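Summary of the model geometry
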2 protein chains.
Amino acid sequence: MTDGSYRYQELADFITRLVSGGALLPGSRVPSLREISRERGTSLATALQAYRLLEDRGVLEARPQSGYYVARAGRAGFAAPAASRPPRAARSVAISGVVLQLLEHASDPGLVPLGCAIPSADLLAAGRLDRVLAHAARHRGIEYNTYTAPKGDPGLRRQLALRAARWGRALSPEELTLTCGCTEALTLALQAVTRPGDTVAIESPTYFGLLHTIEILNLKALELPTDPFLGVDLDALEQTLREKTVNACLFASSFNNPLGCTAPDERKIAILRLLTKHRVPLIEDDIYGDIYFGERRPTPFCALDPRADVIYCSSFSKTVAPGYRIGWLMPGRHMQGVLERKMALTLSGAALTQAAFGDYLASGGYDRHLRRIKGIFRDNIERMRHTIERTFPEGTRVSRPSGGFVLWVELPKQIDAQVLFDRALERGICFAPGGAFSATRQYAHCMRLSCGAPWSARIEGAVRALGSLAREAIGSRSR
Amino acid sequence: MTDGSYRYQELADFITRLVSGGALLPGSRVPSLREISRERGTSLATALQAYRLLEDRGVLEARPQSGYYVARAGRAGFAAPAASRPPRAARSVAISGVVLQLLEHASDPGLVPLGCAIPSADLLAAGRLDRVLAHAARHRGIEYNTYTAPKGDPGLRRQLALRAARWGRALSPEELTLTCGCTEALTLALQAVTRPGDTVAIESPTYFGLLHTIEILNLKALELPTDPFLGVDLDALEQTLREKTVNACLFASSFNNPLGCTAPDERKIAILRLLTKHRVPLIEDDIYGDIYFGERRPTPFCALDPRADVIYCSSFSKTVAPGYRIGWLMPGRHMQGVLERKMALTLSGAALTQAAFGDYLASGGYDRHLRRIKGIFRDNIERMRHTIERTFPEGTRVSRPSGGFVLWVELPKQIDAQVLFDRALERGICFAPGGAFSATRQYAHCMRLSCGAPWSARIEGAVRALGSLAREAIGSRSR
């Protein structure tokens, strides 16, 4: 990365490695701004930016008149959540009311937006995409004022096939279908492989929108024990497939919402083997896949075994344009069924918007854009976790996602997050209460916090206020 | 209408009234171009344009060196189709394959486009809308790069409420929900008032897309006898409601596709009374309502009795922008159910596109645009009917729609329109075979022809070629 605006992040990572590797011990003085900028060949301003970031993240402490020190491990960071243990039975879902209420609060600009996993528009800064659309509307409008071919604009499908090739799946554009966001992709996938009354096995906790779709399609949800780092428990999955009727599985490809877990490749391959053995199709939701903080993008299930029965779903709603409604799916052997359902549900996507989005991807700006927002999301997550660790009650657990932009917070068991939610609303703060993430209301003491808005005093204040409310709820003193 | 570009149509209508009223008799000479232009105060060019239009419509004949004469009634025009008599039983539908095949041919630019009811983009000439979108993308992109409120962009909903007020329904924008075209509106409406296995009563013949949606939602279709001018037969509806379980009715508000029928207000009121009595909700499809040729827009059901249980659905796909995917519905007492389903199926529409469309409506160009395309559609229909009457075999019947842009053609019973379809494809011509318009395959000898492309020698040649194929099919000599 040679772009100067990211040097401070590189420098911050460098210092973090020295601390975590033990080269710099807690309480020890770190090189002064002047020293480090000379050693690392950066400007003083860049060094200052890096140190301030590390201070926000809780890695360094500034001491007046004295300089920067490695923060003392006065208290360890909060542990990650434990693996979930939902009841092992298929249940019908009744969550519509909760979801509608949440979405209404989420679109209220007066609330601090920790509620929905929506990146804020000023953070996405999709002006380049808007300009491409404006150009297409002015010059090619007449060409695109018609229904698209059933699968959607061929140019955009070609670009998507090229992107899929990067994570190892060689595709023809004919194997893809464009949709109205990932929501329509998942709905079509579920409809293509299930019938009303069927059972879908899912991670637990899982995104409430999926539970809602399962409810509307009259399906049953079977929640599986899920590790906050590794995803679905393999033994539990095997036992479930052996003992129960499961008509489809629906798992995140990476950075599950809300836990942030990603199954490593070997575990994904083992899952696919199990599903093939039991002839159960997998629907994978890769909507967060491009927002990885590590060196390498996690590989989707569909690229690990091209013969497995997988329907891949994704969209650009979390990375650049929630307002454009560009989603897509790769239905494998279910293409005919998916297309038939798409014709009946929405018929066609917006032709001009799809074509413009294809132009935008072809122009190459998307990868630069991704690097920028991944840095911001990661930074937001670190700062929010640090704020939580300083202000929430002992016994709180926080997820450690390596991608995406949400945190899952387990509060002490006696706290009712729904009560907290109502109190937070009174203070102008929105978050997503944990009960919405389970068909069996497992997570009444949990909350999901979105890190999709630029970090600010307003956001930090809101997280601190949630910490105070949580402490009040258990009669814990202020820290 | 003072716009000069329509004077020739006014003049043509004036002459047509003289002919149909008997002031000008068949075979008689009509005023010369010079005479009529002086009498009516038009230019010679306008008079010539009017006479040529009437010649194309079969009202006048030009005789070389002699002038224009009223066409002799050498043969009467074809009769309208008879009222339909489908079997009175609910059937499950299996039409997906036919629909997908038809849509694939319909998006093939190499075929003469008589197959799908899609206005051609150059006829719609939606450049003004495209420019409004381009402006919005350049200047307000960041404002709209997010999920819309559940019901969709408030500005566009306000404009739609103002338009509904013109046909007599006073609405709040909060009573409307935006959708991805009329298809999503109808799907949401059906899902909100039915469950899988339920029965929906429909007109017969009816748009194959509706039958397809009924199939995908696992509903049954009950086809009702339908008059080509007046719509659903009232006695048959009453008897059906008395004797069968009907969970919903789905009727066109006006210009039913493919017949073109529109129930008069009194019949609509009687239908609503029957449905209220039997507590059956009505879903009305008003997608063609703005394309009326008469003095007055037909009134939708929902405006005739605000207390009736009606879900109104429409879109702008037939009038200005099939590629924009702007549909809407007014779900009445079913708003909550509709919103819950919308969240699960597509979550949100394209925010910027919706906002731009609202700006376009507010700017007032839409009504001028409507007047222009209505004139063109009407003219296309007259010319196509005239060509059919000159080239199709005796015994053919043709609909006489007073709006929309499709013709329904009943061929002599022994003709199999599916066989004709295959032969037409070989000649590069697409039309919609009648079998696709019935759950019980009533209309094997019928065809729907779209008049949605500008009239041209290519279109006229294709209609003539269909006439030849039809005559060949029954061994009739060329006329």
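Reading the values: rules and limits
Residues numbered from 1 in each chain as written. Chains lettered and ligands numbered in written order. Predicted model: local features only at pLDDT ≥ 70, side-chain atom pairs only at ≥ 80, totals over all residues. Helix = DSSP H or I, 4+ residues; strand = E, 2+ residues; numbered from the N terminus. Rg over C-alpha atoms; globule rule 2.2 N^0.38 Å. Buried ≥ 20, exposed ≤ 12 C-beta atoms within 10 Å, placed from the backbone. Contact = placed C-beta atoms within 7 Å. Least-squares fit on C-alpha atoms with pLDDT ≥ 70 in both. Pairing = 2+ DSSP bridges. Axes fitted to C-alpha atoms, helices over the stretch in contact; angles between N-to-C directions. Parallel < 35°, antiparallel > 145°, perpendicular 65-115°, else oblique. Left-handed = near helix turned anticlockwise from the far one by under 90°. Nonpolar A, V, L, I, M, F, W, Y, C, P; charged D, E, K, R; others polar. Domains from an automatic or database assignment. Expected span 1.5 Å × (residues − 1). Core = buried A, V, L, I, M, F, W, Y, C linked by C-beta atoms within 7 Å. Right-handed = clockwise from strand over helix to strand, strands pointing away.

1. Observations regarding the overall build of chain A
- For chain A, the count of helices and strands is 16 helices and 17 strands.
- Against the compact-globule benchmark of 23 Å for 479 residues, chain A has a radius of gyration of 23 Å, which places it among compact chains.
- Each of the three principal axes of chain A carries a C-alpha extent, and together these read 70 × 55 × 45 Å.
- Classification of the 479 residues of chain A by burial places 54% in the buried group.
- Taking as baseline every contact in chain A between residues at least 6 positions apart, the subset at least 24 positions apart corresponds to 75%.

2. Some remarks on the relation of the copies chain A and chain B
- With an RMSD of 0.1 Å, the fit of chain A onto chain B corresponds to turning through 180 degrees and sliding 0.0 Å along the axis. The superposition of one copy onto the other is thereby described by a two-fold rotation axis. Taking C-alpha positions as reference, the residue of chain A nearest the rotation axis is A:A134, located at 2.0 Å.
- Mapped onto chain B, 100% of the interface residues of chain A are again interface residues, and the two copies thus contact each other with one and the same surface.

3. Comments concerning the sheet that holds strand β16 (residues 429–433) of chain B
Residue and element names in this part refer to chain B.
- The strand order β4-β16-β17-β15-β14 describes an open sheet built from 5 strands, whose pairing is mixed. Of all the strands in the sheet, the pair left with one neighbour each is β4 (112–114) and β14 (397–398).
- Lying on the sheet, helix α16 (residues 417–426) is in contact with β16 and β17 (446–450); it crosses β16 at an angle near 165 degrees.

4. Brief notes about the interface of chain A and chain B
- Counting residues at the interface gives 54 residues for chain A, matched by 54 residues for chain B.
- At the level of elements, α4 (96–106), α5 (121–124), α6 (127–144), α8 (181–193), α9 (208–216), α12 (335–345) and α13 (351–363) of chain A are the ones that each hand at least two residues to the side of chain A that touches chain B.
- Examining the composition of the side of chain A that touches chain B, we find that 10 residues originate from one element, α6(A), more than from any other.

5. Thoughts on the packing of helix α15 (residues 417–426) of chain A against helix α16 (residues 457–473) of chain A
Residue and element names in this part refer to chain A.
- With their axes 10 Å apart at the nearest point, α15 and α16 run at an angle of 135 degrees to one another. With respect to each other, α15 and α16 are oriented oblique. Where α15 crosses over α16, the two elements pack in a sense that is right-handed. When α15 is examined against α16, the residues L420, R423 and A424 are found in contact with a partner set consisting of L466, L469, A470 and A473.
- Partitioning the contact of α15 with α16 into residue classes produces 6 nonpolar, no polar and 1 charged.

6. Here's the deal with the domain arrangement of chain A
Residues and elements named next belong to chain A.
- Along its sequence, chain A is organised into domain 1 (4–70), domain 2 (91–122 + 370–473) and domain 3 (125–366).
- Placing a centre on the C-alpha atoms of domain 2 and another on those of domain 3 gives a separation of 25 Å.
- If you look at the interface, domain 2 gives 34 residues, while domain 3 gives 31 residues.
- Among the secondary structure elements, those contributing two or more residues to the side of domain 2 that touches domain 3 are β3 (91–92), α4, α14 (365–391) and β15 (406–410).
- Considered class by class, the residues forming the side of domain 2 that touches domain 3 number 19 nonpolar, 10 polar and 5 charged.

7. Focus on α16(A)
All names here are of chain A.
- The terminal C-alpha atoms of α16 lie 24 Å apart, and with 17 residues this matches the ideal 24 Å at 1.5 Å per residue to within 8%.
- In this structure, the buried side of α16 is in contact with β4 (112–114), α14, α15 and β16 (429–433).
- Downstream of α16 by one or two residues, G475 has phi in the positive range, about 70 degrees.

8. Structural notes on the pairing of strand β15 (residues 406–410) of chain B
Residues and elements named next belong to chain B.
- A large share of β15 lies buried, amounting to 5 of its 5 residues.
- Of the two faces of β15, the one carrying V406, W408 and E410 and the one carrying L407 and V409 are both buried.
- Two strands pair when backbone bridges link them, and β15 and β17 are joined in this way by 5 bridges, in the antiparallel orientation. Counted as the bridge partner of L407 is L449 from β17.

9. Points about the environment of A:F78
Residues and elements named next belong to chain A.
- With respect to the helices and strands, F78 occurs in the loop between β2 (67–70) and β3.
- Owing to 19 C-beta atoms within 10 Å, F78 belongs among the partly exposed residues under this scheme.
- F78 sits 63 residues away from G141 along the chain, and the two C-alpha atoms are 54 Å apart.
- Once you skip the residues sitting within four places of it in the chain, F78 turns out to touch I388, E389, T396, R397 and V398.

10. Considering the sheet that holds β4(A)
All names here are of chain A.
- Across the sheet, 5 strands lie side by side as β4-β16-β17-β15-β14; this open sheet has mixed pairing. The sheet is open, and its two edges are formed by β4 and β14 (397–398), each paired on a single side.
- Contacts from α14 reach β14, β15 and β17 (446–450), with the element oriented near 20 degrees to β15.

11. Comments concerning the nonpolar core
- A:A189 and B:A189 are the most contacted members of the largest nonpolar core, which has 275 residues in total.
- Leaving out residues up to four positions away in the same chain, A:A189 has contacts with A:I283, A:I311, A:C313, A:L329, A:P331 and A:V338.

12. Remarks on the pairing of strand β10 (residues 248–252) of chain B
Residue and element names in this part refer to chain B.
- Most of β10 sits inside the fold, with 5 of its 5 residues counted as buried.
- Alternating residues of β10 divide into A248, L250 and A252 and C249 and F251, and every residue in both groups is buried.
- Where strand β6 (residues 199–203) meets β10, 3 bridges bridge the pair, whose relative direction is parallel. The partner of V200 across the bridge, within β10, is A248.
- With 4 bridges connecting them, β10 and strand β11 (residues 282–285) associate as parallel partners. Bridging across to β11, C249 finds its partner in L282.
- What joins β10 to β11 is helix α11 (residues 265–277), and the crossover it makes is right-handed.

13. Some thoughts on the environment of B:E174
Residues and elements named next belong to chain B.
- Structurally, the position occupied by E174 is in the loop between α7 (154–166) and β5 (177–179).
- The exposure class assigned to E174 is exposed, which follows from the 11 C-beta atoms found within 10 Å.
- C-alpha of E174 to C-alpha of T319: the two residues are 145 residues apart in sequence and 24 Å apart in space.

14. A short note on the packing of α9(A) against helix α13 (residues 335–345) of chain B
- Contact geometry for α9(A) and α13(B): axes closest at 8 Å, N-to-C directions at 120 degrees. Of the possible angle classes, the one that applies to α9(A) and α13(B) is oblique. Here the hand of the crossing between α9(A) and α13(B) comes out left-handed. On α13(B), the residues that touch A:H212, A:T213 and A:I216 of α9(A) are B:E340, B:R341, B:M343 and B:A344.
- A breakdown of the residues in the contact of α9(A) with α13(B) according to their chemical character gives 3 nonpolar, 2 polar and 2 charged.

15. Notes on unusual backbone geometry
- The linkage connecting A:S204 with the following residue, A:P205, adopts the cis geometry, with an omega of 0 degrees.
- Topologically, A:P205 is positioned in the loop between β6 (199–203) and α9.
- Here A:N257 and A:P258 are connected by a cis peptide whose omega angle stands at 20 degrees.
- With respect to the helices and strands, A:P258 occurs in the loop between β10 (248–252) and α11 (265–277).
- Phi is positive for B:N218, which is not a glycine, with a value near 60 degrees.
- Position of B:N218 relative to the elements: it lies in the loop between α9 (208–216) and β7 (220–224).
- Owing to 15 C-beta atoms within 10 Å, B:N218 belongs among the partly exposed residues under this scheme.
- Non-glycine residue B:L347 carries a positive phi angle of around 70 degrees.
- Among the secondary structure elements, B:L347 is positioned in the loop between α13 and α14 (351–362).
- With 24 C-beta atoms counted inside 10 Å, the residue B:L347 sits in the buried group.

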